[in-house]
Structure formats: structure tokens, C-alpha cells
Amino acid sequence: MALLYLFIGFAAAVIAAVPPGAANIVVVNTTINGTLRKALFVVLGAGIGEVLLSLIALHCAMNFSDYFKDNPWVQITIFVLFISIGTFFLLRNTFNIKSKNRSVKKIKIPKFLTGFLLAFLNPPVLIFWVLAFTIIHKYVLKVSDMSPLLTLLLFFTGVYLGKVLTLYFYGKWGVKLEKNKDESSSKKDIFVGIALVLVGVLQGFRFIIA
């Protein structure tokens, strides 16, 4: 019975992580431009960020749910932004839109911290976890911030493993793209564009039917 909490946490994290998001894109991009080993730092950081985000959602599920209902502009802004940025990436090669290469020294953020921030500062996934905990608590298992420590430990271990393994497979896909580096740039833009547009459309669909 205890391992069921581990499995439910793992399954929920995989469902949350499979749709292409910011962390997924960065993992693929890091693998293409660097190595899978470098991308693993992003993956491990994203796993911790996902655990903390889901922990916050568990603790404040009802408050967040009410806030999103009372402030629909938050969800509208999110999915419009995703669609807009995704459209830009899709059209960039068509209209030969190139990013300006200015001689400004970029601030390098550690890969681990990058992964953590991308996973943690993610409103759409926060909404997912709020809904996920509502469904899990009602129909599957009783999981709340008042659950025994062992139960929570197993559940969030599952969340961490689910996020890390899903992103790892994205990294492995990045290795395949890296082998065809001549075409990887345009493929990457198409992947990023489609991913962002899909995330935006899905969020918009969820908002409409909610």
C-alpha cells in the first residue's frame, strides 16, 4: 500500500512533465549545444523545483483554486503568452527573423539553478498540481498536508523520480538531434514553437471548459 503513494506521485509527475515546457526545451537545447551530462544538472534542479512546487500546491490547494477562479486574467495571460512566443519561433525561419547578437555580456546561471527556477516558477504546472491533488484526494488516495510523514515522503519521491526520468528522456532525444546538427537549429525552432503553442492551446482549452 505504501508503494502505491510512490507510484501515484511518479505517474502524476510524468503527466505534468511530458507536455513540452520550458524545462524540457532547455534540456534539449543544452544537450544539442553541449552534452547530456550538462543537461543532467538542469534535470536534477528541475526535479527539486517540481517537488517544491507540488508541495506548495498541496499545502495551499484550496486557496490557489479560489484565486485562479476569481482572477481569470492570470490563466488568459499565460496561454496567450505561450501561443505568441511559440508562433514567433515557428515563423522565425519562414521570415528569416534573426536574434540580434549584441556585445552584451550574458549572465551565466548555473545549470542546476536554471532547472530549479524553470520548474518552480511555472504557473501552468502549479494549476495542474492543484487539480491533480483535488482529483487524487477525492478519487484515488487521501493525500494532504496532514498525511503521515512516510506517506508524503514516498509521494514526493515519486514526484521527483517522475520529473527527472521524463526530462532525462528529453535529453536522450536531444542527443539524437545533436547527431544531425546541420538540421538541428531549424528542428529546434519548430519543436520549441509547436511545444509552446500546444501548451498555450491546452491551457486555453482547460480555461474555456472549466
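Fair warning: this is a prediction, and the values are worked out from it, not measured in the lab. (Residues numbered from 1 in each chain as written. Predicted model: local features only at pLDDT ≥ 70, side-chain atom pairs only at ≥ 80, totals over all residues. Heavy atoms only, no water.)

**Some points on the overall build of the protein chain**
Across its full length, the protein chain holds nine helices and zero strands. Across the protein chain, helices and strands are ordered from the amino to the carboxyl terminus as α-α-α-α-α-α-α-α-α. For the protein chain, the residues scored as buried account for 42% of the 210 residues in total. Contacts in the protein chain between residues far apart in sequence, at least 24 positions, make up 85% of those at least 6 positions apart. Of the roughly 12600 Å² that the protein chain leaves accessible, carbon and sulfur atoms contribute 70%. (Helix = DSSP H or I, 4+ residues; strand = E, 2+ residues; numbered from the N terminus. Buried < 20%, exposed > 50% of the residue type's maximum accessible area, 1.4 Å probe, protein only. Contact = heavy atoms within 4.5 Å. Areas by Shrake-Rupley, 256 points an atom, 1.4 Å probe, with all protein chains shown as cover.)

**Digging into helix H1 (residues 2-17)**
With 16 residues, H1 should cover 22 Å at 1.5 Å per step; its first-to-last C-alpha distance of 23 Å lies within 8% of that length. Inspection of H1 places Tyr5, Ile8, Gly9, Ala12, Ala13, Ala16 and Ala17 among the buried residues, and these make up the whole buried set. Mapping the buried residues of H1 onto a view down its axis gives an arc of 155°, with all of them on the same face. Seen from the open side of H1, the exposed residues pointing more than 90 degrees away from its buried face are Leu3, Phe7 and Ile15. (Expected span 1.5 Å × (residues − 1). Arc of directions from axis to C-beta.)

**A look at the packing of aromatic side chains**
Enumeration according to the criterion identifies six aromatic pairs in this entry. Centre to centre, the rings of phenylalanine 128 and tryptophan 129 are 5.4 Å apart; their planes meet at 75°, and the pair counts as edge-to-face. Between the aromatic rings of phenylalanine 133 and phenylalanine 155, the centroid separation amounts to 5.5 Å while the plane-to-plane angle is 40°, which identifies the pairing as tilted. Taken together, the residues phenylalanine 133 in helix H7 (residues 123-140) and phenylalanine 155 in helix H8 (residues 149-179) connect sequence positions 22 residues apart. Take phenylalanine 155: its relative accessible area is 0%, and that puts it in the buried class. Among the aromatic residues, those joined into a ring-pair cluster are Phe128, Trp129, Phe133, Phe155 and Phe156. (Phe/Tyr/Trp six-rings, centres within 6.5 Å; stacked < 30°, edge-to-face > 60°.)

**A short note on the nonpolar core**
Residues Trp129, Phe133, Val143, Phe155, Phe156 and Val159 are the most contacted members of the largest nonpolar core, which totals 24 residues. Taken together, the elements giving at least two residues each to this core come down to H1, helix H3 (36-59), H7 and H8. Take this core: its biggest share by element is eight residues, from H7. Of all hydrophobic cores here, the second largest spans 14 residues; its members include Ile32, Val43, Ala119 and Tyr170. (Core = buried A, V, L, I, M, F, W, Y, C linked by side-chain atoms within 4.5 Å.)

**Quick notes on the pattern of salt bridges**
Applying the stated criterion across every chain, the model contains one salt bridge. With its nearest N and O atoms 3.3 Å apart, the salt bridge here joins lysine 163 to glutamate 50. Of this pair, lysine 163 sits in helix H8 while glutamate 50 sits in helix H3, placing them 113 residues apart in sequence. According to the relative accessible area criterion, lysine 163 is buried, its value standing at 5%. Glutamate 50 gets classed as buried once you look at its relative accessible area, which sits at 0%. (Salt bridge = Lys/Arg side-chain N within 4 Å of Asp/Glu carboxyl O.)

**Concerning the packing of H3 against helix H6 (residues 111-120)**
The contact between H3 and H6 brings their axes to 6 Å, and the two run at 35°. With respect to the hand of their crossing, H3 and H6 are arranged in right-handed fashion. Contacts between H3 and H6 involve Lys38, Phe41, Val42, Leu44, Gly45, Ala46, Ile48, Gly49, Glu50, Leu52, Leu53 and Ile56 from the former and Lys111, Phe112, Gly115, Phe116, Ala119 and Phe120 from the latter. (Axes fitted to C-alpha atoms, helices over the stretch in contact; angles between N-to-C directions. Left-handed = near helix turned anticlockwise from the far one by under 90°.)

**Some remarks on the confidence of the model for the protein chain**
Should the pLDDT be low somewhere, the predicted coordinates at that spot are not to be read in detail. The predicted model of the protein chain averages 80 in pLDDT, with 77% of residues at 70 or higher. Within the protein chain, helix H4 (residues 61-70) has the poorest average pLDDT of any element, 64, and H3 the best, 94. (pLDDT = per-residue confidence, 0-100.)

**Points about the side chain of threonine 166**
Within the secondary structure layout, threonine 166 lies in helix H8. We classify threonine 166 as buried; its relative accessible area is 9%. Polar side-chain contacts of threonine 166 include one of 2.7 Å to the backbone oxygen of glycine 162. (Polar contact = N/O pair within 3.5 Å; in protein donor to acceptor, adjacent residues only side chain to side chain.)

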